[in-house]
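Coordinates in review
What follows is each chain in one-letter form.
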Amino acid sequence: MAVGETWAVAATDETGPAGRNTTVPGTPPTAGPPTDPAPRTGARMPRWLPRAMVLALALIAVFQFGSWAFHQLTGLLINVLIAFFLALAVEPAVSWMAARGVRRGFGTFLVFVGVLVVGAGFVTLLGSMLAEQIIKIVEDFPQYLDSVINWINTHFHTELRRVDIQENLLRSDWLRNYVQNSATGVLDVSAQVLGGLFRLLTIALFSFYFAADGPRLRRTICSVLPPARQAEVLRAWEIAVNKTGGYLYSRGLMALISGLAHYVLLEFLDVPYAPVLAVWVGVVSQFIPTIGTYLAGALPMLIAFTVAPWYAVWVLVFVVVYQQFENYVLQPKLTARTVDIHPAVAFGSVVAGTALLGAVGALIAIPAVATLQAFLGAYVKRYDVTDDPRVFGHRGSGGTSAFGRRVRGLWAQRRPEDDGAGPAAGAGAAGAGAAGAGPGEGGTAGAS
């Protein structure tokens, strides 16, 4: 055996299991390789995690409670909003009386009593007129039906009779179901009427307090704001009062003009109850946005139809013509200083207000948008507009397109030939057209 092989065998025997476990007597045992500790089975959670979970649950609970409370109080909040705008509307009249020595509470009471008397008188007159007209229409309905049946029989060669139509109508399932539904809906109508009266009372009380205690309310709001913010709040309040009051007063003036115009027409046509109908048209057409004109014109047309069918057509034509006159002539002049907003913006605000708050939103949308526009106009910085023809919606003399210049160049080339001029004149005209075409079009004109 070679020496190298002998040394390899000895090394193998020493590094074997027996060689590794044998130690020299009297020496401490050598430490083996470090062993991995046992895995932790009960690790502690961070201290901030319980607090974060409790905070998250508390925020969710608060959000849910706030959402529930908001939905429950939506009706009350809408009533308060209406009352606030009504208080802004009567603020100029109350302040005018307060400046002349009348207490604000008593002045507000006088204003509300005046509005209540006018509204009650209007509703009473309108109700009596409608009751009498309905009775008259019901009494004359057989005559109207006979005239319609005769016209149908004459033009369509039929043999209809009023007695047969009445019997079929009385025996129809539609009429029976309608009567049953109406009988079961009496309680619902009564509940709605009582709810409407309670809502009106709530709005009246809140608006009275807002108008009578307006200065105290402003002082309370300003007491929790720094001086700079106080000036902004007072300015916004003043703008809201001016815009809301101006909107309602301008609408009242337009209602007066509309009522007088329709009164003249109804008196000329000898339609009964012309004064009450004129007041109806003026109030409804001005204070009910978007559809007020159609609601206002429907009642006079119905009453005029009871006098003569053609009178209803004349009333319809007059309503349409007067509406155009009001939109394009009367309204811009009366609302230019009070509610100066674009008609498209006004229409959009009415649509948005209707989508958010229904009829109430449609009523207060225009003064709210006018107030916001005036308030932002006081803080938005404006610059002078550049003197560019494109700003005014038309092109200047230097804004002619390349196509137009080419057409003029070709026309200048062909015109001398049409006039019978010589070739020299045509070449001169072509050169002039190419010279006037500019650097970009000169080569094209010359090539053609």
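For clarity, every value in this text was computed on a predicted model and none was experimentally measured. Residue indices begin from 1 for each chain and proceed along its sequence in written order. Selection of residues for local features in this predicted model requires a pLDDT of at least 70, selection of side-chain atom pairs for listing and counting requires 80 or more, and totals for whole chains, interfaces and linings are taken over all residues. The basis for every side-chain value is the complete set of non-hydrogen atoms in the structure, without hydrogens or water.

Some thoughts on the packing of aromatic side chains
- Stacked, tilted and edge-to-face are the three classes assigned to paired rings of Phe, Tyr and Trp, where Trp is represented by its six-membered ring and a pair needs centres within 6.5 Å; plane angles under 30 degrees give stacked, over 60 edge-to-face, the rest tilted. Inspection of every chain in the model, using the stated rule, returns 10 aromatic pairs.
- Centroid distance Trp151 to Phe156: 6.1 Å. Interplanar angle 75°. Geometry classified as edge-to-face.
- The exposure class assigned to Trp151 is partly exposed, which follows from its relative accessible area of 49%.
- Relative accessible area serves as the criterion here: at 53%, Phe156 is assigned to the exposed category.
- Ring centres of Phe208 and Tyr209 lie 6.0 Å apart, and the angle between their planes is 70°; this geometry places the pair in the edge-to-face category.
- Remark: exposure states derive from per-residue accessible area (1.4 Å probe, protein chains only) relative to the maximum for the residue type, with buried under 20%, exposed over 50%, and partly exposed in between. Residue class for Phe208 comes out partly exposed when judged on its relative accessible area of 25%.
- Clustering of aromatic rings is evident, with ring pairs tying together Phe84, Phe85, Phe206, Phe210 and Trp237.

Some remarks on the pattern of salt bridges
- The rule for a salt bridge is simple: a side-chain nitrogen of Lys or Arg has to be within 4 Å of a carboxyl oxygen of Asp or Glu. For the structure on display, the rule yields three salt bridges.
- Arg218 is the partner of Glu91 in a salt bridge, and the nearest nitrogen-oxygen pair spans 3.9 Å. Taken as a pair, Glu91 in helix H4 (residues 74–99) and Arg218 in helix H9 (residues 214–222) lie far apart in primary sequence, 127 residues in all.
- The class of Glu91 is buried, set by a relative accessible area of 7%.
- Across the pair Arg229 and Glu232 runs a salt bridge, and its minimum N-O distance is 3.2 Å. One end of the pair is Arg229 and the other is Glu232, both in helix H10 (residues 227–268) and three residues apart, which spans about a single turn.
- When its relative accessible area of 47% is taken as the criterion, Arg229 is described as partly exposed.
- Taking relative accessible area as the criterion, Glu232 reaches 28% and is therefore assigned partly exposed.
- When salt bridges with common partners are traced through the structure, they connect Glu91, Arg104 and Arg218 into a single cluster. The secondary structure listing takes helices from DSSP runs of H or I that are at least 4 residues long and strands from runs of E that are at least 2 residues long, numbered from the N terminus.

A word on the environment of Leu225
- Mapped onto the elements, Leu225 comes out in the loop between H9 and H10.
- Judged by relative accessible area, Leu225 falls into the partly exposed class, the value being 28%.
- Contacts are residue-level and defined by heavy atoms, with any inter-residue pair within 4.5 Å sufficient. For Leu225, the contacting residues outside a window of four places in its chain are Gln230 and Val233.

Structural notes on unusual backbone geometry
- Although it is not a glycine, His157 sits at a positive phi angle of roughly 55°.
- Take His157: it is sitting in the loop between helix H5 (104–156) and helix H6 (162–170).
- Looking at His157, the relative accessible area reads 71%, which means it is exposed.

Details of the UniProt feature "transmembrane region" (unreviewed entry) in the chain
- UniProt positions are given in the numbering used here, feature names are shortened, and annotations may be inferred rather than shown by experiment. With numbering matched to this structure, UniProt assigns "transmembrane region" (unreviewed entry) to residues 48–70, 76–97, 109–131, 189–211, 248–266, 272–295, 302–325 and 345–372.
- Secondary structure across residues 109–131 comprises 100% helix and 0% strand; the distance between its end C-alpha atoms is 32 Å.
- Secondary structure content for residues 345–372 is 96% helix and 0% strand, and the end C-alpha separation is 12 Å.

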